[in-house]
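# Fold and contact review
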Amino acid sequence: MTTKRSAMTSVPSTAAKKARHWSLGLLDSMKDPNSIVKKTERVVVIKDKYPKAKIHYLVLPHEDISSIYKLDKSHIRLLEEFGSVYKELNESAEVELKAGFHAVPSMQRLHMHIISRDMISPCLKTKAHWNSFTTKFFRPYEDVLQELKKDGLVKKMPPEIHKNFMAAPIKCNQCSYEPKNMPNLKEHLLSHTKK
Ligand code: AMP
Ligand code: ZN
């Protein structure tokens, strides 16, 4: 006969059942030697697990800061270190890389994207992916640093503005072509690498 106690021991505890939320995934990747590209005193560079271009890295602080909107003047030196690792990676890459932050990030822990312009990757699937890197939803590193130095904080983008960026029609980031849909865009992007 199954007693109440023995029945309970076969059931996983609430803590064991509770899976780590997906938005915390960067914290695991920061500790994974297979994803780490570079580490400095203040930051770590990892490979983006679902890259949206041939080269796609993320720069994160060791310090527990959730997003650019938590930065203040005391973080200027930290953000400058983001710039130093970007400069170094850009100089050693064969193509030009851009660096910046999503206006509304989906993952926890402040992270800066460093990404190549080709945007050729099987992980680039949706219009939201595309517009998050090719419209002003992508906030360039230099602009964010300048705003932090000038105002001592980084202001949030109003929802109606960032929603409009995400809803904007798809436009090629390398010419004036306006593809009808994502498959059309992905095929078109290949033409820019053949030159
Ligand atoms: P966002 O929060 O929108 O600025 O972007 C988060 C980025 O993290 C995306 O480019 C994802 O492909 C990437 N990503 C999601 N999960 C992981 C993970 N576990 N390790 C590394 N990169 C990830
Ligand atoms: Zn084009």
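Residues numbered from 1 in each chain as written. Chains lettered and ligands numbered in written order. Predicted model: local features only at pLDDT ≥ 70, side-chain atom pairs only at ≥ 80, totals over all residues.

Test applied: UniProt positions are given in the numbering used here, feature names are shortened, and annotations may be inferred rather than shown by experiment.
For the protein chain, an unreviewed UniProt entry supplies the name HIT domain-containing protein and the organism Manduca sexta. You can read under Subcellular location (unreviewed entry) in the UniProt record for the protein chain the words "Nucleus".

### Focus: the site of ligand 1
Rules: In this entry, near means the residue's backbone-placed C-beta atom lies within 6 Å of the molecule or strand. Helix numbering and strand numbering both begin at the N terminus, where a helix is a DSSP run of H or I of at least 4 residues and a strand a DSSP run of E of at least 2.
The full set close to ligand 1 counts 13 residues, and Gly25, Ser29, Lys49, Tyr50 and Pro105 are the nearest of them. Tallying contributions element by element places helix α3 (residues 25-29) first for the shell around ligand 1, with 3 residues.

### Considering the sheet that holds strand β3 (residues 56-61)
Counted only if it meets this: Here the rule is simple: two strands pair whenever DSSP picks up at least two bridges between them. Lines fitted to the C-alpha atoms define the axes, with helices restricted to the stretch that makes contact. Angles between their N-to-C directions range from 0 to 180 degrees.
The 6 strands are arranged β1-β2-β3-β5-β4-β6 in an open sheet whose pairing can be described as antiparallel. Looking at the sheet topology across the chains shown, the edges are occupied by β1 (36-39) and β6 (138-140). Here the strands of the sheet are splayed against their neighbours by 30° on average, with no regard to which way each runs. As paired strands, β3 and strand β5 (residues 112-116) are joined by 4 bridges and run antiparallel to one another. Across the sheet, the residue bridging to Val59 is Met112, located in β5.

### Structural notes on unusual backbone geometry
The line we're drawing: Burial is judged by counting the other C-beta atoms within 10 Å of a residue's own C-beta: 20 or more makes it buried, 12 or fewer makes it exposed, and any count in between marks it as partly exposed, with every C-beta position built from the backbone.
The phi dihedral of Arg109 is positive, around 80°, even though this residue is not glycine. Judged by C-beta crowding, with 21 C-beta atoms within 10 Å, Arg109 ranks as buried. At Met119, a residue that is not glycine, the phi angle is positive and equals roughly 55°. Position of Met119 among the secondary structure elements: in the loop between β5 and α5 (127-134). We classify Met119 as buried; it has 23 C-beta atoms within 10 Å.

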